[in-house]
Amino acid sequence: KDVIAGKDISGIHGTLFKSYHADRITCVETSPVDHMAVTAGDDGSVRLFDYITQKEVFRETFSAGATCLFWMPVEWDPEGLTFAVGFENGVLRILRRTENGFDLTAVMKPHTKALTCFAFSPDGQLLVTASSDETLFFFVVQDPIQEYQPIGFSKIPGKPRNISWNTDQDRAMVCMEDGTLYLVDFPEEGSVDQSVSFEFEAAYHKFVYNQQMKKEEKPQKEKKDDEGEDDDKKDDDEDDEDDEEVEEDGDKGPWPCNFAIMAPEGDPGKLIIGVQKEEAVFEYAGETWESPDFEQFAEDPIRNLAFYNTIAVTARYSRAGNYLLIGCEKGRLLMRQKNNLPKMFHATLMHDGMYGTILAATTSYDDAYLLTVGADGCFFVQKIDPIEPKGVAKAPKLSKKGAKKTVDDILHTDAYSIQEAKLKADEDRRRELAEMKKKSLREQVQELMREYEDLMQANEAAEKGKRISKEELSLDPEIQEILDKQNDNRVEIARKEMAWITAKKELKLDKLRSVFIDSLQVERILLYGFKNGRSVSSFRTARLTERQKKNIAGVHELIQTGEEAKRRAQFSANQAASTKDGSPHGGDESFSDIEKPSGMGMEGDSKEFNETNLSDQSGGEGGTGKGLGDTQQRKKKEKMPVKSALDKAEERKREREERDRGLQELKQRMPNDNTEDHKDMAIIIRAEKYMGDYKLKSDPEYVVPENQRVTAEQKLNQLILLEESISTLRMDFNDRFLALRDLKRRLIDNITRDNGRIIEINKQLKVDEPVMS
């Protein structure tokens, strides 16, 4: 369902506003007859543009990205409508422009990997293609529009980057990633034996060239007189500064060769080579290959045609041959006039400065417009001054798409290449011949078997006395024995030959059975209801391995040991608590060591205490009077008559002594300030042990309590226990499931037996009624 921002848009019909390439635009070519251009890119689309009106005319999309493109000149195609496109899947297509699309006039797959480049000979009669599979494939062009005859392919030592035609040597020039430049001889038609394969060994010639300009030696300056010493010193300082500015590059090469092109007609021998290095587009005179042993000499460049701090990627001459176009990294394009190469004619920076490497550049058929495409996905058209356009070109006559003969396209990326198709066809032909021989032999055997059956039937139909027994039909019994022995020997030989394979297969089967079947405790079983159609399945449960059982036993032993240690600790704590409870004063013996008060101050305090508090306790209302005199004696004294002063003094002395004794008893019962209650101490110890440290976890001094710490060993033990729990739960369910299955089996047996008995009774009663099924 089509939804955008929560709204259903399935009923909304959009209108295509504009279409363009989705990735890099790898190549561009212009029509030789009008202001039309074809672009192709990594998205597999080939598009026709009218670059004057800046509109796309139409497009065609293929299954692989395009890598290279070439529009054939009017000398080969007078109408100027045919061009060739190479693709990443090794396919080369010949397309022809029509009124409303492209017609596919020829298609071939010479390579198994990307077709990186191709080149036609100047007369258009020969074609060579290069691929990243390190092969070159050669064709004879019988008709540039639709007829290409494969000659063969040859392996090349390395991956080619660019290929062009050497007009002087009539050879193909192949630029390699390792910087080598090969001149390849084109094989003659019929020189390759194609009965077995298209592969052959081509003749390669290595063109040796230096990738750096020679440094010019500076002339030594003559010494001047004393009066010019200051000027001399100044000049020497300037020379030193120049030497510091020109530093030698640490990388001495060789660098990959990006392109090699020959100068157009009228300037024979000149060669321009660009390598993957800054400021390295050199012009060579091409003098060494005039010698038969030119591979023994290295040619030096004449001049450098590059621009400051740029790496040239592609180069070509313009359509009309007036300019040399050099596409570089960082979006820069260099233009030089053919008649004045040392002088820069135009340098432009249109594409992205970081990702806008110019992958292809060309001009219109009249050199009035400059067209460039790059890795940034942009397509730019610029007008070249002071050349004026020749006016609107005469539009070619275009037919409707499909009006002329076309071919079926190669749609699958894994389609066979020309070589693979050849080998496959040969293999199919051999297999077909073998099948024909087998079929002929089978027909002969079947004919003999039919004749034998006819004879046996005639023998059976004959009278008893004229019949021939099987022993008589066997003309030579020894032959049968010999044949049986031969068959037995063949069987034994075959058994011995297959013994190793049989043992290997059995061993594989045993391993698979031990891993996937023997290790199972319960397989997945489906149990269906009688009539409701519902089902329940068991858990597919594997047996615990010996290692798992050992780990589980170890964890349980560890848990049991910990529990016993806790019980012993609890028992020890209880014993200590009971010992403390048995002491009269909480087990603190320091209570009995209290020193008795001494000194006047203490005695005065005691007397005061005796006279106030104790008197209140003894005579006050509600006082207990415990330890301060007998209440019965006080009652008797109240009834006694008034005694003499001496008796009263003795009485008061006796009462003071009793109060002193009661005070001493109270002081002895009073707890010591340093005494700690064992119950409070037990609570404090438990709180410290189990309540933990309540600092903030963000505190740098925070310490995780011991009972809250998580270790790898704890987690491993938890995982082991989890495995045990999972297995136990699964097996508990499986036991109930299997019991239910056994119950269903017993019910089915009982129902089947009862149905049989009911059917017997119905037969006896001659009653026809359905039974439970």
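From a predicted model like this one, the values you see are computed outputs, not experimental measurements.

**Q** Would you take a moment to explain the overall build of the protein for this structure?
**A** Helix and strand counts for the protein come out as 11 helices and 33 strands. Burial statistics for the protein: of 773 residues in total, 32% are counted as buried. The long-range share in the protein, meaning contacts at least 24 apart out of those at least 6 apart in sequence, stands at 51%. Split by element, the accessible area of the protein, about 52100 Å² in all, is 52% carbon and sulfur.

**Q** Looking at this structure, I do not really get unusual backbone geometry. What am I missing?
**A** What you tend to see is this: most non-glycine residues have negative phi, and most peptide bonds are trans. Positive phi outside glycine occurs at E134, with the angle close to 65°. Here E134 shows up in the loop between β12 (126-131) and β13 (135-143). Here E134 falls in the partly exposed class, since its relative accessible area comes to 32%. Of note, the phi angle at D367 is positive, near 60°, even though the residue is not glycine. Position of D367 relative to the elements: it lies in the loop between β27 (358-363) and β28 (369-374).

**Q** It is not clear to me how the packing of aromatic side chains should be interpreted in this structure. Could you clarify?
**A** By convention here, two paired aromatic rings are described through the distance between centres and the angle between planes. Across all of its chains, the model carries 21 aromatic pairs by this definition. Taken together, a centroid distance of 5.9 Å and an interplanar angle of 25° make the contact between F137 and F153 stacked. One end of the pair, F137, is in strand β13; the other, F153, is in strand β14 (residues 147-155), and 16 residues separate them in sequence. Here F137 matches F153 in class, with each residue buried. Through a chain of ring-to-ring contacts, three or more aromatic side chains come together here, namely F58, W71, F83 and F102. The ring of W255 carries K277 above its face, with NZ or CZ at 5.2 Å from the centroid. Taking NZ or CZ as reference, K744 lies 5.5 Å from the ring centre of F530, over its face.

**Q** Can you walk me through the environment of A576 in this structure?
**A** Inspection of the secondary structure puts A576 in helix α6 (residues 546-581). For the pair formed by A576 and H678, sequence separation is 102 residues and the distance between their alpha carbons is 9.4 Å.

**Q** Help me understand helix α2 (residues 418-461) in this model?
**A** Note: α-helices contain 3.6 residues per turn, so residues at a spacing of three or four share the same orientation. Compared with the 64 Å implied by 1.5 Å per residue over 44 residues, the 63 Å span of α2 between its first and last C-alpha is a close match. The set of residues buried in α2 consists of I418, Q419, K422, D426 and N459. Contacts made by the buried residues of α2 are with β10 (102-108), β13 and β14.

**Q** In this structure, what is going on with the pattern of salt bridges? I would like to understand it.
**A** Side chains that differ in charge, positive against negative, can pair when their charged atoms come close. Applying the stated criterion across every chain, the model contains 24 salt bridges. Salt-bridge contacts for R47 lead to E56; the nearest nitrogen and oxygen are separated by 3.0 Å. When its relative accessible area of 25% is taken as the criterion, E56 is described as partly exposed. Salt bridges here are not isolated pairs; linked through shared partners, they connect D43, R47, E56 and R59.

**Q** I would appreciate a short explanation of the sheet that holds strand β29 (residues 379-383) in the present structure.
**A** Two strands in a sheet stick together by hydrogen bonds in their backbones, pointing the same way (parallel) or opposite ways (antiparallel). Taken in spatial order, the 3 strands make up an open sheet running β27-β28-β29, and their pairing is antiparallel. In this open sheet, the two strands that pair with only one neighbour each are β27 and β29. Neighbour-to-neighbour, the strand axes of this sheet turn through a mean angle of 15°, independent of strand direction. Of the pairings in the sheet, the one linking β28 to β29 comprises 5 bridges and is antiparallel in character. Looking across to β29, one finds that T372 is bridged to F380.

**Q** Would you mind showing me how to read the nonpolar core here?
**A** The tendency in soluble globular proteins is for nonpolar side chains to be buried as a group. In terms of nonpolar packing, the biggest core is built from 21 residues, with V128, L136, F138, I163, V174, V184 and F186 touching the most fellow members. Counting only elements with at least two residues in this core, the list comes to β11 (115-120), β12, β13, β15 (160-166), β16 (171-176) and β17 (181-184). Discounting residues that sit within four places of it in the chain, F138 has contacts with L127, V128, Q149, P150, I151, G152, S154, V184, D185, F186, P187 and F200. Membership of the second largest hydrophobic core comes to 19 residues, among which are C68, M108, L127 and F153.

**Q** Please explain the pairing of β27 as it appears in this structure.
**A** Note on strand geometry: in a regular strand, side chains alternate between the two faces of the sheet. The buried fraction of β27 amounts to 5 of the 6 residues, a majority that puts the element mostly inside the structure. The pairing of β27 with β28 spans 5 bridges and is antiparallel. Counted as the bridge partner of T363 is L370 from β28. Where β27 folds back on β28, the antiparallel hairpin that results is connected by 5 residues, among which D367 adopts a positive phi of roughly 60°.

**Q** Looking at this structure, I do not really get the environment of S164. What am I missing?
**A** Structurally, S164 is set in strand β15. Along the primary structure S164 and F120 are separated by 44 residues, whereas in three dimensions their C-alpha atoms are 7.9 Å apart. Those residues in contact with S164 that sit more than four places away from it in its chain are A119, R171, A172, M173, A260 and I261. At 2.5 Å, the side chain of S164 and the backbone oxygen of A260 are in polar contact.

**Q** Looking at this structure, I do not really get helix α9 (residues 645-669). What am I missing?
**A** Its 25 residues place the ends of α9 36 Å apart at the C-alpha level, agreeing with the 36 Å of an ideal helix rising 1.5 Å per residue. The set of residues buried in α9 consists of E651, E658, R659, G662 and L663.

**Q** I keep staring at the side chain of S121 and nothing clicks. Help me out?
**A** Here S121 shows up in the loop between β11 and β12. Side-chain polar atoms of S121 contact the side chain of D123, separated by 2.5 Å. For S121, the side chain forms a polar contact with the main-chain nitrogen of Q125, separated by 3.3 Å. Dropping the residues within four chain positions of it, S121 is found in contact with W76, L126 and W165.

Parameters at a glance
Per-chain numbering applies: the sequence of each chain, read as written, is numbered from 1 onward. Under the rules for a predicted model, residues below a pLDDT of 70 receive no local features and side-chain atom pairs below 80 are neither given nor counted, while totals for whole chains, interfaces and linings still include all residues. Side-chain calculation: all heavy atoms of the structure are included, whereas hydrogens and water are not. Numbering of helices and strands runs from the N terminus, with a helix taken as a DSSP run of H or I at least four residues long and a strand as a DSSP run of E at least two residues long. Throughout this description, buried means an accessible area under 20% of the type-specific maximum (1.4 Å probe, protein chains only), exposed means over 50%, and partly exposed covers the range between. Only heavy atoms enter the contact rule, under which two residues are in contact if any of them lie within 4.5 Å. Residue exposure ignores everything except the shown protein chains as possible cover, and the areas themselves are Shrake-Rupley values with a 1.4 Å probe. Between the rings of Phe, Tyr and Trp (Trp by its six-membered ring), a pair exists once the centres lie within 6.5 Å; its type follows the angle of the planes, with under 30 degrees stacked, over 60 edge-to-face, and the other angles tilted. Counting as a charge over the ring demands two things of the Lys NZ or Arg CZ atom: a distance within 6 Å of the ring centre and an angle within 35 degrees of the ring normal. One less than the number of residues in a helix, times 1.5 Å, gives the span that helix is expected to have. Salt bridge criterion: a side-chain nitrogen from Lys or Arg within 4 Å of a carboxyl oxygen from Asp or Glu. Pairing between strands requires that DSSP locate at least two bridges from one strand to the other. Think of each axis as a best-fit line through the C-alpha atoms, taken over the contacting stretch in the case of a helix, with angles from 0 to 180 degrees between the N-to-C directions. By nonpolar core we mean a set of buried residues, namely Ala, Val, Leu, Ile, Met, Phe, Trp, Tyr and Cys, connected to one another through side-chain atoms within 4.5 Å. Pairs of N or O atoms within 3.5 Å make up the polar contacts considered here, provided that, within protein, one atom can donate a hydrogen while the other can accept it, and that residues adjacent in sequence are counted only when both atoms are side-chain atoms.

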